[in-house]
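The lines below spell out each chain.
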Amino acid sequence: MNAKGLAKDGTIAREGALDRVPEAFAPAVADARSRIAAAFTGKRARSTASGSTAGGRLHSAYVYGSIPRGTAIPGRSDLDLLLALHEEPTDTDRARADRLAAELDGAHRAIDTAGILLVRAGTVLSDLERHDLGFFVACLCTPLLGPDLAAALPRYRPTPLLARETNGDLALALPRWRARAAGGLTEADRTRLCRQVARRLVRTGFTLVMPRWGGWTSDLERGAEVFGRYYPERAHPMRTTAAAALAPSPDPALLRLFLDDLGPWLAAEYTAVHGEKAPRP
């Protein structure tokens, strides 16, 4: 992988690996593998992803985020997991995943929280999701259990198509966030919303300029810095947003910046440059 996150052939390299998991988080990752296998396959997981098998409803499992990138901070970083099922996730699957996440939360002090996304394996491989969920699994997720879906997906490049399909729907999210912000939120609620919105804005700002920069990064501070090279007049608010994504605050002024200033501008500029994301059913 080069300095712009690309492999030698110019495609986006997979950013994580199990051998990059920091020592403090290794027990949580191993426990997650074991619990996922028991909950969704009825089997015990083998010791390594390369030798692991899935079964039952589970096609494959992945870990993503700062832990497999090797940048996680004990007590502050989340354990983010994605489970690809053979069939569409049911309410029973979601309840099982919620219980599993709660168990991991309680068992490992190194993680802030555990979160589990459930998807259908066929959806990951669909034409509609090829440059969104498919890209996410192939480049941003690290295999934990079962056959790797990336083997059936293309190699990705930092193209306008990838930009449009990953973040070309920001305009749809803004009204939902404004509605939440207008409700009777506690300080904890505002802090969570601040983090969610800030992370999305920084990622959208980065992918806006990704094709011109010609690379990939999931690092929020670097993403904000790259964005600022192409939009210097918006560099300062984007740096502020990246800081809030990493250390969120309940300050209402931050949400006003995100939802009334930077967010609307970014949504309009994104549509003008890359177009709108293909509608989902």
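What counts, and where the lines are drawn
Residues numbered from 1 in each chain as written. Predicted model: local features only at pLDDT ≥ 70, side-chain atom pairs only at ≥ 80, totals over all residues. Heavy atoms only, no water. Helix = DSSP H or I, 4+ residues; strand = E, 2+ residues; numbered from the N terminus. Rg over C-alpha atoms; globule rule 2.2 N^0.38 Å. Buried < 20%, exposed > 50% of the residue type's maximum accessible area, 1.4 Å probe, protein only. Contact = heavy atoms within 4.5 Å. Areas by Shrake-Rupley, 256 points an atom, 1.4 Å probe, with all protein chains shown as cover. Pairing = 2+ DSSP bridges. Axes fitted to C-alpha atoms, helices over the stretch in contact; angles between N-to-C directions. Expected span 1.5 Å × (residues − 1). Bend = angle between axes of the 7 residues up to and from the residue. Parallel < 35°, antiparallel > 145°, perpendicular 65-115°, else oblique. Left-handed = near helix turned anticlockwise from the far one by under 90°. Salt bridge = Lys/Arg side-chain N within 4 Å of Asp/Glu carboxyl O. Disulfide = S-S within 2.5 Å.

1. Remarks on the overall build of the protein chain
Moving on, step 1. Of the regular secondary structure elements, the protein chain holds 11 helices and 4 strands.
Moving on, step 2. A compact globule built from 281 residues would reach a C-alpha radius of gyration of about 19 Å, and the protein chain, at 19 Å, matches this within 12%.
Moving on, step 3. Principal-axis analysis of the C-alpha atoms places the extent of the protein chain at approximately 55 × 45 × 40 Å.
Moving on, step 4. Burial statistics for the protein chain: of 281 residues in total, 49% are counted as buried.
Moving on, step 5. Here the contacts in the protein chain between residues at least 6 apart in sequence split such that 72% fall between residues at least 24 apart.
Moving on, step 6. If you sum the accessible surface of the protein chain, you get close to 13100 Å²; carbon and sulfur atoms cover 52% of it.

2. Some words on the sheet that holds strand S4 (residues 141-145)
Within a beta sheet, neighbouring strands are joined by backbone hydrogen bonds and run either parallel or antiparallel to one another.
Moving on, step 1. Across the sheet, 4 strands lie side by side as S3-S2-S1-S4; this open sheet has mixed pairing. Of all strands in the sheet, those bounded by a partner on one side alone are strand S3 (114-120) and S4. Here the strands of the sheet are splayed against their neighbours by 30° on average, with no regard to which way each runs.
Moving on, step 2. Pairing between strand S2 (residues 79-85) and S3: 7 bridges, direction parallel. Each residue of the ladder has a partner; that of Leu83, found in S3, is Leu118.

3. Here's the deal with the pairing of S2
Moving on, step 1. Of all 7 residues in S2, 7 are buried, a share of seventy percent or more.
Moving on, step 2. Side chains of S2 alternate between two faces, with Leu79, Leu81, Leu83 and Leu85 and Asp80, Leu82 and Ala84 buried alike.
Moving on, step 3. When strand S1 (residues 58-64) meets S2, the two strands line up antiparallel, connected through 6 bridges. The residue of S2 that forms the bridge with Ala61 is Leu83.

4. Some remarks on helix H8 (residues 187-213)
Moving on, step 1. With 27 residues, H8 should reach 39 Å at 1.5 Å per residue; the first-to-last C-alpha distance of 37 Å fits that figure.
Moving on, step 2. The largest bend along H8 reaches roughly 30° and is located at Thr207, with the proline Pro211 sitting one to four residues downstream.
Moving on, step 3. Where H8 terminates, the next one or two residues include Gly214, which has phi positive at roughly 80°.

5. Side note on the packing of helix H1 (residues 26-40) against helix H3 (residues 91-107)
Moving on, step 1. Following both chains from N to C, one finds H1 and H3 inclined at 150°, their axes separated by 11 Å at the closest point. Between H1 and H3, the crossing angle belongs to the class labelled roughly antiparallel. The element H1 and its partner H3 pack so that their crossing is right-handed. Here Ala28, Asp31, Ala32, Arg35, Ile36, Ala39 and Phe40 of H1 lie close against H3, whose contacting residues are Asp93, Arg96, Ala97, Leu100, Glu103, Leu104 and Ala107.

6. Observations concerning the pattern of salt bridges
Moving on, step 1. Summed over all chains, the structure comprises 20 salt bridges.
Moving on, step 2. The salt bridge involving Asp31 is made with Arg35; its shortest N-O contact spans 2.9 Å. Separated by 4 residues within a single helix, Asp31 and Arg35 lie in helix H1, roughly one turn from each other.
Moving on, step 3. A salt bridge links Glu225 to Arg229, with the shortest nitrogen-to-oxygen separation between them at 2.8 Å. With Glu225 and Arg229 both in helix H9 (residues 220-230) and 4 residues apart, the pair spans about one turn of that helix.

7. Digging into the pairing of S1
Moving on, step 1. By the criterion of burial, S1 is predominantly enclosed, with 7 of the 7 residues buried.
Moving on, step 2. Alignment of S1 against S4, held across 4 bridges, turns out to be antiparallel. Opposite Tyr64, over in S4, you have Cys141 as the bridge partner.

8. Examining the state of the cysteines
Moving on, step 1. This model, assessed by the stated rule, comprises 0 disulfides.
Moving on, step 2. Between Cys139, a cysteine without a disulfide, and Cys141, which holds the nearest cysteine sulfur, the sulfur-to-sulfur distance is 9.7 Å.
Moving on, step 3. Residue Cys139 is classed as buried on the basis of its relative accessible area of 3%.

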